[in-house]
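Tertiary structure, described
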Amino acid sequence: MQKFREIISHYSSRTLPKAIRIVEMGPRDGLQSEKKILPSDIKVEFINRLSECGYKNIEVTSFVSPKWVPQMGDNLEVFQRIYKKPGVTYSALTPNVKGYESAKSVGVPEVAIFASASEGFSQKNINCSIEESIQRFRSIMHSAYIDKIRVRGYISCVFGCPYDGEISPEAVRSVALKLKEIGCYEISLGDTIGIGTPTKTKALIESVLYDLAPSEVAVHFHNTFDRALENIFTALEMGITTVDSSIASLGGCPYADGATGNVSTEDVAFLCQELGIETGLDINALCRTANWMSKISGIPNRSVYQIHE
Ligand SMILES: CC(C)(COP(=O)([O-])OP(=O)([O-])OC[C@H]1O[C@@H](n2cnc3c(N)ncnc32)[C@H](O)[C@@H]1OP(=O)([O-])[O-])[C@@H](O)C(=O)NCCC(=O)NCCSC(=O)C[C@@](C)(O)CC(=O)[O-]
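Residues numbered from 1 in each chain as written. Predicted model: local features only at pLDDT ≥ 70, side-chain atom pairs only at ≥ 80, totals over all residues. Heavy atoms only, no water.

Named according to an unreviewed UniProt entry, the chain is hydroxymethylglutaryl-CoA lyase originating from Stentor coeruleus. In the Pathway (unreviewed entry) part of its UniProt record, the chain is described as follows: "Metabolic intermediate metabolism; (S)-3-hydroxy-3-methylglutaryl-CoA degradation; acetoacetate from (S)-3-hydroxy-3-methylglutaryl-CoA: step 1/1." (UniProt positions renumbered as here; feature names shortened; annotations may be inferred.)

Take the nonpolar core next. Ranked by internal contacts, the top residues of the largest apolar core, which has 102 residues, are Ile155, Leu179 and Phe233. The dominant element in this core, judged by the number of residues it contributes, is helix H12 (residues 283-297), at seven residues. Leaving out residues up to four positions away in the same chain, isoleucine 155 has contacts with Ala115, Ser116, Ala117, Val172, Val175, Ala176, Leu179, Ile187, Ser188, Leu189 and Gly190. (Core = buried A, V, L, I, M, F, W, Y, C linked by side-chain atoms within 4.5 Å. Buried < 20%, exposed > 50% of the residue type's maximum accessible area, 1.4 Å probe, protein only. Helix = DSSP H or I, 4+ residues; strand = E, 2+ residues; numbered from the N terminus. Contact = heavy atoms within 4.5 Å.)

The next point concerns the sheet that holds strand E3 (residues 89-93). Taking strand neighbours around the barrel as the criterion, the eight strands line up as E1-E2-E3-E4-E5-E8-E9-E10 in a closed arrangement whose pairing is parallel. Sheet twist, expressed as the mean angle between neighbouring strand axes with direction ignored, is 25 degrees. With five bridges joining them, strand E8 (residues 186-191) and strand E9 (residues 217-221) adopt parallel strand pairing. Paired with isoleucine 187 across the two strands is valine 217, which belongs to E9. (Pairing = 2+ DSSP bridges. Axes fitted to C-alpha atoms, helices over the stretch in contact; angles between N-to-C directions.)

Before going further, it helps to examine the packing of aromatic side chains. According to the stated counting rule, one finds five aromatic pairs in the structure shown. Ring geometry for phenylalanine 159 and phenylalanine 221: centres 6.4 Å apart, planes at 10 degrees, overall stacked. Highlighted residues: phenylalanine 159 in the loop between strand E5 (150-156) and strand E6 (160-161) and phenylalanine 221 in strand E9, separated in sequence by 62 residues. Exposure remark for phenylalanine 159: the relative accessible area of 5% places this residue in the buried category. Looking at phenylalanine 221, the relative accessible area reads 3%, which means it is buried. Following the ring pairs from residue to residue traces out a cluster consisting of Phe4, Phe270 and Tyr305. Positioned above the aromatic ring of tyrosine 154, the side-chain terminus of arginine 28 is 5.6 Å from the ring centre. Here the guanidinium or amino end of arginine 150 rests over the ring plane of tyrosine 185, the centre of that ring lying 3.7 Å away. (Phe/Tyr/Trp six-rings, centres within 6.5 Å; stacked < 30°, edge-to-face > 60°. Lys NZ or Arg CZ within 6 Å of the ring centre and 35° of its normal.)

Printed below as a string of structure tokens:
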């Protein structure tokens, strides 16, 4: 809680947005690197519970190769079985046209393509160079435009890469511009290995805001070194209003050893509440869902803000 106190005292005098949108990552980024593959029944119930927490956006699964990420191998079943609450957008990751077509076959209304700011991670994660990935994504964009499916873009390794080391803000800016040019409505900046700091966050956001409006940028921090919350509030000060997070701080990345989960949704929502920022989320419902998930899956709840039932 000391961290919370520091953030509240540091940011309460700053200019922050009145409201933000939180995109829930738990079912996808959260579960994709868990050693244990959870039964589809649990995933479906998990997403149904999340749907009652007040989100507008939940990333449900990924239509990637099951040989690469077996944890998401039940993508079709999970997407088909979840209750689709009106007003909530349920999205999924698609790395190529094959994934896109599978997602479309079960009525996914929004997909996300995922590029990297580093060549090494691009090769390890999606088996092609950055430039080749952009070409693949063009084919997805072409179909998505015809099908009226919205496309979000991710950039991984925005500060550093487990294979290539430090990444410059200019490298991220260049990929962000390409994703915008091919038609992504929003680009989420992924600190995949969680090495961001407020100073680095400021430099990165300044760089991408040369080409993108703040409303076209989201931030996606993993919390490896416990800096994610400070980085988020630095981004909010700079006009960003979309934050990716994961309930119970679930997650990691199958191709970035040692990276821990996304920043906790409960922690972000609680701090926003204390700072007078509207998230639309019911914090008690979030905490109960995190407790349920942790109990049924055996995955620890790593959120700082918890309720003990
Ligand atoms: C991109 C590929 C598929 C290339 O993988 P590849 O092996 O180069 O693919 P390929 O086109 O050569 O095909 C090989 C086989 O895979 C099949 N295949 C091909 N595509 C699909 C598909 N979509 N769905 C199901 N199956 C597929 C294809 O049909 C074929 O099957 P076979 O003939 O051998 O039986 C692979 O590398 C892959 O799936 N990678 C995804 C890895 C992944 O999900 N990583 C985690 C994502 S998280 C992330 O990136 C970071 C982020 C977004 O969270 C932000 C952050 O945290 O910072």
